[in-house]
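Summary of the model geometry
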Amino acid sequence: MSHSDRGVDTLTSGRAHQHPEPISGASYSAVELLPNSNVLMLDQRRLPMQEKYEVLTRPDDVGAAIREMRVRGAPAIGIAAAYGIALAAACTRGDGAAFLAEMERVTSLLAATRPTAVNLSWALTRMRATWSAVADRDHTSRLMLVATAARDIHIADVRACKAIGALGAVHVPDGATVLTHCNAGALATGGYGTALGVIRAAHEAGKRVRVLADETRPLLQGARLTAWELSRDGIAVEVITDSMAAHFMKKEKIACVIVGADRIAANGDVANKIGTYGLACIARAHGVPFFVAAPTSTVDLATPTGDGIVIEERNEEEVTLSDSRTRTVPDTVHARNPAFDVTPAELVTAIFTEHGEARAPFGQALAACVGSGHGAKVR
Ligand code: MRU
């Protein structure tokens, strides 16, 4: 049976069967752990045309879903991986040694799915601390403890995104037009969003906010996902092609650019969806503040600068085929497809985390955010 055969069309229809409320309290969710430790996942490749959920019953399927970008966005990838580990714990009935061997196998498999988003290895490291400590327990307590640890990662992400939203919304004036790139929203996180969490919080505070969403070539996360979730929340959004951003910064008053991040190096260099670097250059040229919103799980203090960040190269067909079918490039010509780029710290105005706001020089400020946990404003 294929995944789609097992799918349900919306979370609401799914709930009638066995599905819990999304942890975030929203009406949709990128990924949830079901009571039986199967993984419920919204297939984001089908949005905006179809809101289809699938039930994953094997940890290897979770790995495939991350690789194929049925779930995507750095925090959501981390949460999905944690749920993949919970599913592995539920599927493994052997003794302690067999349990450890299987958890090790699944951890390696999940870690290899996408290289750039550090939230993946961050979540797997957290999960390792739990599964390695419970190997000698009986099956039921093993699976319960691992599932609880995974859900805690999800719950903490929602909380972090709400804190980021509250902190960042202060910088969004009433009547602002905000430009964003890719999708750093509820779909990319536990359910509130980082960049879109800031916009959401400003909207919830009663500010009138209008969003210009870069369509985000080649996979169109801005056009398909950002536009879907903002319009669903009643937040004004218009889609522009990536190449229109400079034009709008020149012709219209853009209050700020807000983007998410896949990995932030210790010096404040920011890896995010391809095109972010160009956007930061244009923002600087037009005097538009360039904000990055990300939980501290995205900050990688072990990587000193952006030069050390591995950039994922994806299949060239994502560029050469439109709608995954029609070739738009001559048959004999190849395409390049780096999925991310690195914006140098000097182009970043501020980084909003759940533990405060970091500004240049970023090194100390980011380390304080990661080490803090007290919500203090760090500059
Ligand atoms: O390739 P994707 O869709 O996983 O890339 C997503 C992004 O680049 C997001 O901006 C980033 O992960 C932040 S999500 C809160």
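Remember, predicted model here, so these are calculated numbers, not experimental data.

Turning our attention to the site of the ligand. What surrounds the ligand is a group of 18 residues, the closest being A74, R114, D262, N272 and K273. Measuring from an oxygen atom of the ligand, one finds a side-chain N or O atom of R114 at 2.8 Å. In this structure, N272 approaches the ligand through a side-chain N or O atom, which is 2.7 Å from an oxygen atom. When the free accessible area of the ligand is taken as 420 Å², the share hidden by the protein chains comes to 100%. In this structure the site holding the ligand corresponds to the largest cavity. Contributing elements (two or more residues each) for the shell around the ligand: α4 (74-91) and β9 (270-273). For the shell around the ligand, the class distribution of residues is eight nonpolar, six polar and four charged.

Among the nonpolar cores identified, the biggest contains 40 residues, and V39, M41, I66, I85, L110, M127 and V146 are the most heavily contacted of them. No other element matches α4, which puts 13 residues into this core. Not counting residues up to four positions away in its chain, the partners in contact with I66 are V71, I77, A80, A81, L110, T113 and R114. In terms of nonpolar packing, the next biggest core, distinct from the first, is built from 29 residues, L212, A345, L347 and F362 among them.

Tallied over the full model, the rule gives two cavities of 30 Å³ or more. Empty space within the largest cavity amounts to approximately 190 Å³. Together, 23 residues line the largest cavity, and R72, G73, A74, N183 and D262 are the ones closest to its centre. Mapped by element, the contributors of at least two residues to the lining of the largest cavity are α4 and β9. Considering every element that reaches the lining of the largest cavity, the biggest residue donor is α4, with three residues. Counted as a void, the second largest cavity has a volume near 50 Å³. Lining the second largest cavity, in full, are M69, T216, R217, P218, L219, Q221, K273, I274, R314, E318, N337 and A339. Across the lining of the second largest cavity, the residue classes break down as five nonpolar, three polar and four charged.

Definitions and cut-offs
Residues numbered from 1 in each chain as written. Predicted model: local features only at pLDDT ≥ 70, side-chain atom pairs only at ≥ 80, totals over all residues. Heavy atoms only, no water. Near = heavy atom within 4 Å. Polar contact = N/O pair within 3.5 Å; in protein donor to acceptor, adjacent residues only side chain to side chain. Areas by Shrake-Rupley, 256 points an atom, 1.4 Å probe, with all protein chains shown as cover. 1 Å grid on protein atoms, 1.4 Å probe; cavity = no way out; pocket = protein on both sides within 12 Å on 5 of 7 lines; lining within 4 Å. Sits in = over half its atoms within 2 Å of the grid points. Helix = DSSP H or I, 4+ residues; strand = E, 2+ residues; numbered from the N terminus. Nonpolar A, V, L, I, M, F, W, Y, C, P; charged D, E, K, R; others polar. Core = buried A, V, L, I, M, F, W, Y, C linked by side-chain atoms within 4.5 Å. Buried < 20%, exposed > 50% of the residue type's maximum accessible area, 1.4 Å probe, protein only. Contact = heavy atoms within 4.5 Å. Points joined across faces, edges and corners; volume = space filled by probe spheres on them.

Functional significance is not addressed by these values, which are geometric in nature.
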